[in-house]
Amino acid sequence: MRGSIKLATPFAALLLLGGCVSLGGKAPKQLIGLTPEATAPAGDMGATTLREALVVLDPEAERRLDVQRVPVQVDDATIAYLKDATWVERPARLFRRLLAETIRAKGKRLVVEAGDAAEGGKTTLGGRLLDMGYDARSQTVVVRYDALRSDGAGNVVSRRFEASVPGVSPKVESVAPALNKAANEVAAQVADWVG
């Protein structure tokens, strides 16, 4: 009897503690990610020295995009966030992964991402994610990216890429696939530009 009381006491304490402790806020109903429309096939993806590889860096992003919520441009000066829409990760990092996979799928060049021992690469693709959100005025999803390619010899080339999906209702069920579509369009444009 004494042994069963000793076992029951910690178990009861755990049950009581579960009602007192919260390990975060209410979980979102769904999370938004970016899925590449083009992926590299299984097998070798190229072999070269790290110095010859293309290094895809995280794009810079202003504060309104550097959160896990989808920005809504209400008017020229007002930003809100889409209700119930949460990115699975920071949008800039999701976009970097999408870019890298799309370039891998379209080209023959070895592509590594920042953080993959990429400091030795001489050709980099970085830039600035200017927009990846919803414009309430035109009911349009917009993705805009300023790419910056450097070859390590001091040569730098920049180009702006943009894609939009019009006629999107302001609900996460409509905005999420439109964001994925626009981001994939921009990634394909960048992959064609990089070669």
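These numbers were taken from a predicted model, which means no experiment stands behind them. (Residues numbered from 1 in each chain as written. Predicted model: local features only at pLDDT ≥ 70, side-chain atom pairs only at ≥ 80, totals over all residues. Heavy atoms only, no water.)

Draft legend 1. Summary view of the nonpolar core. Within the largest apolar cluster, 44 residues are counted, with the highest numbers of intra-cluster contacts made by F95, L125, M132 and Y145. Looking at this core, the elements that each hand over two or more residues are β2 (54-56), β4 (69-73), β5 (79-87), α2 (91-106), β7 (123-135), β8 (140-150), β9 (156-165) and α3 (172-194). (Core = buried A, V, L, I, M, F, W, Y, C linked by side-chain atoms within 4.5 Å. Buried < 20%, exposed > 50% of the residue type's maximum accessible area, 1.4 Å probe, protein only. Helix = DSSP H or I, 4+ residues; strand = E, 2+ residues; numbered from the N terminus.)

Draft legend 2. Looking closely at the pattern of salt bridges. Enumeration over the complete set of coordinates arrives at 18 salt bridges. A salt bridge links E101 to R104; the shortest N-O distance between them is 3.1 Å. Of this pair, E101 and R104 both sit in helix α2, separated by three residues, roughly a single helical turn. For the pair shown, E101 and R104 are each scored as buried. For the salt bridge of K106 with D192, the shortest nitrogen-to-oxygen distance reads 3.7 Å. Taken as a pair, K106 in helix α2 and D192 in helix α3 lie far apart in primary sequence, 86 residues in all. Three or more residues are tied together by salt bridges with common partners; here these are D58, D66, E89, R90, R93, R96, R97, E101, R104 and E113. (Salt bridge = Lys/Arg side-chain N within 4 Å of Asp/Glu carboxyl O.)

Draft legend 3. Here's a closer look at α3. With 23 residues, α3 should reach 33 Å at 1.5 Å per residue; the first-to-last C-alpha distance of 32 Å fits that figure. One or two positions beyond α3, positive phi appears at G195, with a value near 85°. (Expected span 1.5 Å × (residues − 1).)

Draft legend 4. View of α2. Look at α2: 22 Å from first C-alpha to last across 16 residues, which is about the 22 Å you get at 1.5 Å a residue. Burial analysis of α2 places 12 of its 16 residues in the buried class, the great majority of the element. Regarding α2, the residues found buried are P91, A92, L94, F95, R96, L98, L99, A100, E101, T102, I103 and R104.

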